[in-house]
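Architecture and fold: a report
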Amino acid sequence: IHGSRSGAASFAPLPSTTAMDYSELEGVNGLRTSWNIWPASKLDATRIVVPIGCMYTPLKQADNLQLVEYEPVVCRSRDCGAVLNPYCTVDFKAKVWNCPFCMQRNAFPPAYAANITEQMLPAELMPQSTTMEYIIPQVQVSPPVFLFVVDTAMIEQELEQLKDTLQQALSMMPQNAMVGLITFGNMAYVHELGFPDLPKSYAFRGTKEVTAQQVSYQLGFAVKNDPRGNAASTGSKRFLLPIGECEFALNSILDDLQKDPWHVAQEQRAGRCTGVALSVAVGLLETTFAQCSARVMLMVSGPCTVGPGQVVGTQLEETIRSHLDLQKDYKNARYTKPALKYYTGIASRAVMAGHAIDIFACSLDQVGLHEMKVCVDRTGGYMVMSDSFSMHVFKDSFKKLFELDAYGYLKMGFNCKLEVHTSREFKCQGAVGGLTSLHRKGPSAADSEIGEAGTCAWSIGALDHATTLAFYFEVNQASSGNPQGRQAYLQYLTHYQHASGRKRLRVTTTSYRYAEANVQDVGPSFDQEAAAVLMARYAVAKTENEEPLDVLRWVDRMLIRLVSRFADYRKDDTNSFHLSPEFSIYPQFIYHLRRSNFLQTFNASPDETAYYRTAILRENVMNSLVMIQPALLEYGFDEGPPKPVLLDVASLKPNVILLLDSFFHVVVWRGETIQAWSDAGYQEKPEYANFRDLLAAPAEDARAILQERFPVPKFIQTNAGGSQARFLTNKVNPSSTHNSTQGAYGSDQGAVVITDDVSLKVFMEHLIRLAVQS
């Protein structure tokens, strides 16, 4: 306890950057920050180059989480609303507490005031209660609603696989979860589940845009003189029912579901009104379950070719847009701008209703994810992309969504509203992730903007235990003089609807120390892993409005400025250059970020780029780092576990097996010698049992990765010279290429990559030369 004056105390321990590893700190509060000691003034903040940012996982599962069932104690100040926390100073004599964000003195509620002493503290003031969760009493919400929107304009084998996965998922869902079904091809059909004896569906024309009001009229919800909305609530029971009441009816409809009967002429694409189906789904939920727990789950196997939201024409001779078409504004990119505008409108409607939109796209060609991405990004939904509905990438990912926790509840939160409160000397510039601004310009909102900005509150349609959001801050005090004891205070309030039907509030409060006048004091607190991911998210957010080449140049400039600020060197002497351990791996992360699909559009379709960018905007620090710089493990005949090796072409040796984890793909690669022995069948002979074990080990580890990750990655088994070895060779550092005779680590043992990309060694040489120059 840190005494501040007679009768007053502050209880929270000040965080120490040396006390524990940054990843351990993340396990406590779900927070990772780029700088753990903050610059004391606005000028100093510009000198550290990398913005002050924080990666926050709101529903992070923590062992020491305090779960209580009563209302939180909230600051009474008009512009504040922060919640009582361990960083508040308490006057035990006057029974009041000081808010560290607005300095308001607040009286304790009578129940607190009667019992509080220095020895008897409420849970909120305990030093370990920096993260608490409140179950709001006497507030019940409806159980979660899942509206399946199923594309039927696909080949029958694909449709059968999709139906099978849907039926398996239905059997896994809690009995009180509510479900509905919309199918679409050339037209969209809303299926009635309330009368299993006589299956009925309501058809919507695929060429005509529909509003929520038109949906409610056509489905019979809209009744004049119904101010309480009773007609909507009773009418919805025909289309959205608890799984326990409609499982038989829904399974019967799925069993009878056929491929879209609309005739498809030769040399034409199937008619698919994805835009109308999505609008009908959002309209149905808007009129029946607004501000409730609900998500639209779209399963699509091809591009929208009919009506609003169309991304390509029906003629097969017309190819779907590529990155070059979008850059040059060619003829086949003419649908993109109207489609983007249309899907942005749908996303805004879903945000207003508090719902999430998920997209499961399974096709060998593009389906229009580039245009529909906004629906997922703004509502916090899921996006899964695969080649087929028969692949484990879709099947396992879809079933993983409906896994239950130890208490029998779905592992997700719905209709979330997140607020940020900051102490006076810094403000929030914005957030990047699966969220949308609520345009609440409070005292914590900064004037400068990054991502969803100009607010201190955001809407998130759905969250799970892994969903991570990035927040960026700026110090706004002109001088380094700080009257608040040189501490910055930050609080996140996450209001959400739990799958149990209760409203909850997760409160996370933290504090950071301000540095002294010298900027170099900030350096040792640099978390290079969190900083790399925050910069990656910032760069991905910039690609929405800027050309990728301009974003790459910006990333380069920021790296050069950071290295030149914090490295030790003599002017114009490259040999004197030295980076301290806190910064040593950061340039390597940026090197791999520059080569990644997040910033490079070469050899990727707009849909693939959209998928990769959406994925990095929702994952935590470690998963994001795996996306940026994949992990590589080597399996050999040496004793002991597999060892991590450099992501370098020199690691591709003939007598080893490599396991590459790039988040989206898990690749098992065998060297030439290993593959030759396997082809010769040595593993079948009892005297070569160790070889059999060697072949099995990476497959076991790969299976473990596939079981725990969402979305489930694609598994690839290949060997040196195999066609699928490209998934490994395009990720490794090309230290030895067809142009060089000797690699950075010696090319006598490793392979050679045919590429024009610069190696990490050349990249670092150029970086050092630019950093040290006068």
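Overview of the structure. Predicted model, so just to flag it, every value in this text is computed and none were measured.

About the thresholds
Residues numbered from 1 in each chain as written. Predicted model: local features only at pLDDT ≥ 70, side-chain atom pairs only at ≥ 80, totals over all residues. Heavy atoms only, no water. Helix = DSSP H or I, 4+ residues; strand = E, 2+ residues; numbered from the N terminus. Contact = heavy atoms within 4.5 Å. Buried < 20%, exposed > 50% of the residue type's maximum accessible area, 1.4 Å probe, protein only. Polar contact = N/O pair within 3.5 Å; in protein donor to acceptor, adjacent residues only side chain to side chain. Axes fitted to C-alpha atoms, helices over the stretch in contact; angles between N-to-C directions. Left-handed = near helix turned anticlockwise from the far one by under 90°. Nonpolar A, V, L, I, M, F, W, Y, C, P; charged D, E, K, R; others polar. Pairing = 2+ DSSP bridges. Core = buried A, V, L, I, M, F, W, Y, C linked by side-chain atoms within 4.5 Å.

1. Some remarks on the environment of K503
With respect to the secondary-structure elements, K503 resides in strand β25 (residues 502-514). Along the chain, K503 and N415 lie 88 residues apart, while their C-alpha atoms are 9.9 Å from each other. In contact with K503, not counting residues within four places along its chain, are Y134, I135, I136, V139, V141, Y496 and Q497.

2. Topic: the side chain of N733
Among the structural elements, N733 can be located in the loop between α20 (726-729) and α21 (760-772). Classification of N733 by relative accessible area gives buried; the value is 4%. Only 2.7 Å separates the side chain of N733 from the side chain of D648, close enough to count as a polar contact. A polar side-chain atom of N733 sits 2.7 Å from the main-chain amide nitrogen of L760.

3. Examining the packing of helix α14 (residues 548-566) against α21
Interaxial distance between α14 and α21 falls to 9 Å at its minimum, and their mutual angle equals 65°. The handedness of the crossing between α14 and α21 comes out as right-handed. Facing α14, whose interface residues are L559, I560, V563 and S564, α21 presents F763, L767, L770 and A771. Among the residues forming the contact of α14 with α21, the class breakdown is 7 nonpolar, 1 polar and no charged.

4. Some points on the sheet that holds strand β31 (residues 665-670)
Pairing within the open sheet is mixed, and its 5 strands lie in the order β29-β28-β30-β31-β32. Both outer strands of the open sheet, β29 (643-644) and β32 (714-719), are each paired with one neighbouring strand and no more. As paired strands, β31 and β32 are joined by 6 bridges and run parallel to one another. Bridging across to β32, W669 finds its partner in T718.

5. A look at the nonpolar core
W35, Y343, F471, F473, Y492 and Y586 are the most contacted members of the largest nonpolar core, which totals 140 residues. Setting aside residues no more than four positions away along its own chain, Y586 makes contact with V50, F526, Q528, A531, A532, M535, L559 and L562.

6. Considerations on the sheet that holds strand β5 (residues 52-56)
Taken in spatial order, the 4 strands make up an open sheet running β3-β5-β23-β20, and their pairing is antiparallel. Edge positions in the sheet fall to β3 (31-33) and β20 (426-432), since each has one partner strand and no second. Neighbour-to-neighbour, the strand axes of this sheet turn through a mean angle of 25°, independent of strand direction. Looking at chain direction, β3 and β5 are connected through 3 bridges and run antiparallel. Its bridge partner lying in β5, T33 is registered against C54. In the packing of helix α1 (residues 22-29) onto the sheet, contacts are made with β3 and β5, and the angle to β3 comes to roughly 140°.

7. Digging into unusual backbone geometry
Here the amide bond leading from F710 into P711 is cis, since omega sits at -10°, within 30 degrees of zero. When you line up the elements, P711 lands in the loop between α19 (689-708) and β32. In this structure, V49 is a non-glycine residue whose phi angle is positive, near 70°. Structurally, V49 is set in the loop between α2 (42-47) and β5. Even without glycine at this site, Q291 takes up a positive phi of about 60°. Structurally, Q291 can be placed in the loop between α8 (274-288) and β16 (294-300).

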